[in-house]
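Residue strings, one per chain:
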Amino acid sequence: MSAPVLEIRNIHTFIGQFHILEGVNVSVPQGSITVMLGRNGAGKTTTLKSVMGLTPPSQGAILFEGKPIHGKRPYHIAQLGIGYVPEHRAIFKTLTVRENLELAERQAHDLEKRIDFIFNLFPAMRQFYHYPAGNLSGGQQQMLAIARVLVPENRLLLIDEPSEGLAPVIIEELMAAIQKLAETSTVLLVEQNFRMASRLADRYVILDDGQSRVEGVMPELIKDEQLIQRYLGVA
Amino acid sequence: MATTLGKNTPILVMIAIITGLLTFSFINSNGDFGDFGITVLSGLFQGMLLFLVASGLSIIFGLMDVLTLAHGAYFMIGAYVAYDVQHPGGVIDLTAAIPDPNLRFPVALIAAILVGAGLGVILERGLLRPLYSRPIFQLVMTFGVSLVMVEIVKAIWDTTIYSWQDRFGLQESFFELFGQQFSVYRLFVVGIGFVLIIGIALILRRTRIGIIIRAGVEDRQMVEALGINVQLVFTVVFTLGCAVAAFGGGIAAPFLGASNNLATDFLLQAVAVVVLGGMGSYEGTAAGSIMVGLAIAVAQKAAIGTAFTVLPSITPMLLLILILLLRPSGLFGSAHSS
């Protein structure tokens, strides 16, 4: 197995007085798609936010390419080469699609260099490039949220629930896009849709009650119905 | 059709109010275009001064969720600094170095801008930053800072109300229209105000910092997660907001002079403008400034020779109540912003 791009070591995170993460360990090997699974409230989103410094952990360590990033400000963590696609997309609705993408530039002409790649990945985006992002459908907004992290050359992508609330045909399109992204970046994905997760991911980690319980390679999980039933409630 | 009407409601309400004000003013002037023109110019002049305070207040609130009650004090400081630099015998006496009052005035304005910006950096970095997540503390602290600034001004310049003495060319020039003399300086201030309204709009629409500010108004955390140092943007925006308010004080000083009252007078009117325009909406603030300025001028004219001498000072609040009754989120505000 290749060296981990991201290592989360026994992190504990509080939101207000609530102890949300109570010991999460995740290792994300380079070039892989690792999916974080678990029921609602297991701590998956908080784990991604902790990596980004949005809900900084109070204990434990987070290493990106072997260097500690916990305690750094979110903008600094992003500048290291980590792209974040949050739950519910968080696109800027009053900005146009183009402005949303321009905002993600870290160096001048980033967008110019990457726009062909983005249009190849999401051809429909060409048509709504100058539209206000708030006018887009849910699927188009999700494409924009993913496209936004492709503007700078991020080496690790954190993608939270990309299939949430989307029609099956759009989910298929997104899956193809994420698979293509994994050719050049490492992906840590949070996904409730087990069917999508099992088709996409090489590796998995299961979170339960704010703790990481099991991790391994996806083909093994697919065979282990007992484990799936126990932690994910999927028959 | 209904959607188009809904989208255009703020503009229609604005046009209706401005038309109403202008019609009333014209009737009140007995159809005298000269008299009517003076009221309109006076209204635009007051509206532009209000815009210089309210624009910073609005953008700072929209981006940072900070309602700074010290903003009127920056306007006041700007007036004092410009007065001081322009006149002999002040703290900074430039009359010997720059004897021409026409040249000294732009220097006085630059000094006001620099002092406003410097004090803005100190307030944001030194005092506000630790209180970003505590809105009530921000209100109390910025109110306290305003009081401290007024006391410092009293310590330096005394409680004297300074009337502008050192006349310069622009201030002495007049032009005649419909048999009435119009001040070129007022026209100049109105022109500067419109240039700033358009300039700030262009910055917000066409530049990267503008895109960051507009995005930050929606979701600061996500802007930061894209790799942008939002705290640095806060400092820049806060500093520019304070500098523009101080510039407003400087540019108003030849008409209003320099006095402690400027701090509270302009703060209250600017808060009314920001709320009636829609909290955090730049378009609302620009439109609100013009409406409130015109309304004050019309009220000033209407109150002459009547017992309602208080009418001009309560007009901004009356207009605020009217607009909030029509649109509870303010003219251009969204339900979210309210």
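Residues numbered from 1 in each chain as written. Chains lettered and ligands numbered in written order. Predicted model: local features only at pLDDT ≥ 70, side-chain atom pairs only at ≥ 80, totals over all residues. Heavy atoms only, no water.

For the rest of this paragraph, the subject is the sheet that holds strand S10 (residues 211–217) of chain A. Residues and elements named next belong to chain A. Across the sheet, 6 strands lie side by side as S6-S7-S8-S3-S9-S10; this open sheet has mixed pairing. Sheet topology places strand S6 (82–85) and S10 at the edges, where each strand pairs with a single neighbour. Here the strands of the sheet are splayed against their neighbours by 15 degrees on average, with no regard to which way each runs. Across 4 bridges, the pairing between strand S3 (residues 33–37) and strand S8 (residues 186–190) is parallel. The partner of threonine 34 across the bridge, within S8, is leucine 188. (Pairing = 2+ DSSP bridges. Helix = DSSP H or I, 4+ residues; strand = E, 2+ residues; numbered from the N terminus. Axes fitted to C-alpha atoms, helices over the stretch in contact; angles between N-to-C directions.)

Let us look at the sheet that holds strand S2 (residues 18–29) of chain A. Residue and element names in this part refer to chain A. One open sheet holds the 4 strands; their spatial order is S2-S1-S4-S5, and the pairing between them is antiparallel. In this open sheet, the two strands that pair with only one neighbour each are S2 and strand S5 (67–68). In this structure, strand S1 (residues 4–15) lies alongside strand S4 (residues 59–64), joined through 5 bridges in antiparallel fashion. Across the sheet, leucine 6 pairs through a bridge with phenylalanine 64, a residue of S4. Sitting on the sheet, helix H1 (residues 44–52) is in contact with S1, S2 and S4, with an inclination near 110 degrees to S1. (Contact = heavy atoms within 4.5 Å.)

As a further point, take the nonpolar core. Counting residues in hydrophobic clusters, the biggest one holds 188 residues, and the most contacted among them are A:Leu101, A:Leu103 and A:Met125. If you tally residues by element for this core, the top one is helix H2 (residues 33–64) of chain B, at 18 residues. For A:Met125, the residues in contact, after removing those within four places along its chain, are A:Val97, A:Leu101, A:Ile118, A:Phe119, A:Met143, A:Leu144 and A:Ala147. (Core = buried A, V, L, I, M, F, W, Y, C linked by side-chain atoms within 4.5 Å. Buried < 20%, exposed > 50% of the residue type's maximum accessible area, 1.4 Å probe, protein only.)

Here we come to unusual backbone geometry. All names here are of chain A. The residue asparagine 10 is not glycine, and still its phi comes out positive at about 50 degrees. Secondary-structure assignment places asparagine 10 in strand S1. For asparagine 10, a relative accessible area of 39% gives the class partly exposed. Positioned with a positive phi, histidine 109 is a non-glycine residue whose angle comes to about 70 degrees. Looking at where histidine 109 falls in the secondary structure, it is placed in the loop between helix H3 (97–103) and helix H4 (110–121). For histidine 109, a relative accessible area of 48% translates into the label partly exposed.

It is common to give the size of an interface as the accessible area lost on bringing the parts into contact. Taken together, the contact pairs 22 residues of chain A with 19 residues of chain B. Of the roughly 1800 Å² buried at the junction of chain A and chain B (both faces included), carbon and sulfur atoms supply 56%. At the boundary of chain A with chain B, the tally comes to 2 salt bridges. A salt bridge links B:Glu224 to A:Arg73; the shortest N-O distance between them is 3.0 Å. The interface formed by chain A and chain B contains 12 residue pairs in polar contact (both at pLDDT 80 or more). (Buried area = accessible area lost by both parts, 1.4 Å probe. Salt bridge = Lys/Arg side-chain N within 4 Å of Asp/Glu carboxyl O. Polar contact = N/O pair within 3.5 Å; in protein donor to acceptor, adjacent residues only side chain to side chain.)

Residue and element names in this part refer to chain B. Under the defined criterion, the tally for this structure stands at 19 aromatic pairs over all chains. Note on phenylalanine 105 and tyrosine 185: the rings are 6.1 Å apart at their centroids and 70 degrees apart in plane angle, and the pair reads as edge-to-face. A residue pair is termed long-range when its members are at least 10 positions apart, and phenylalanine 105 in helix H4 (residues 101–128) and tyrosine 185 in helix H7 (residues 184–206) qualify at 80 residues. Residues phenylalanine 105 and tyrosine 185 agree in their burial class; the two are buried. With 5.9 Å between their ring centres and 20 degrees between their planes, tyrosine 185 and phenylalanine 255 make a pair best called stacked. In this pair, tyrosine 185 is assigned in helix H7 and phenylalanine 255 in helix H10 (residues 230–256), connecting sequence segments 70 residues apart. With relative accessibility at 0%, the residue tyrosine 185 sits in the buried group. Grouping aromatic residues by their ring pairs yields a cluster made of Phe45, Tyr80, Tyr83, Phe105, Trp157, Tyr162, Trp164, Phe168, Tyr185, Phe188 and Phe255. Its end group placed over the ring of phenylalanine 45, arginine 186 keeps NZ or CZ at 4.9 Å from the ring centre. (Phe/Tyr/Trp six-rings, centres within 6.5 Å; stacked < 30°, edge-to-face > 60°. Lys NZ or Arg CZ within 6 Å of the ring centre and 35° of its normal.)

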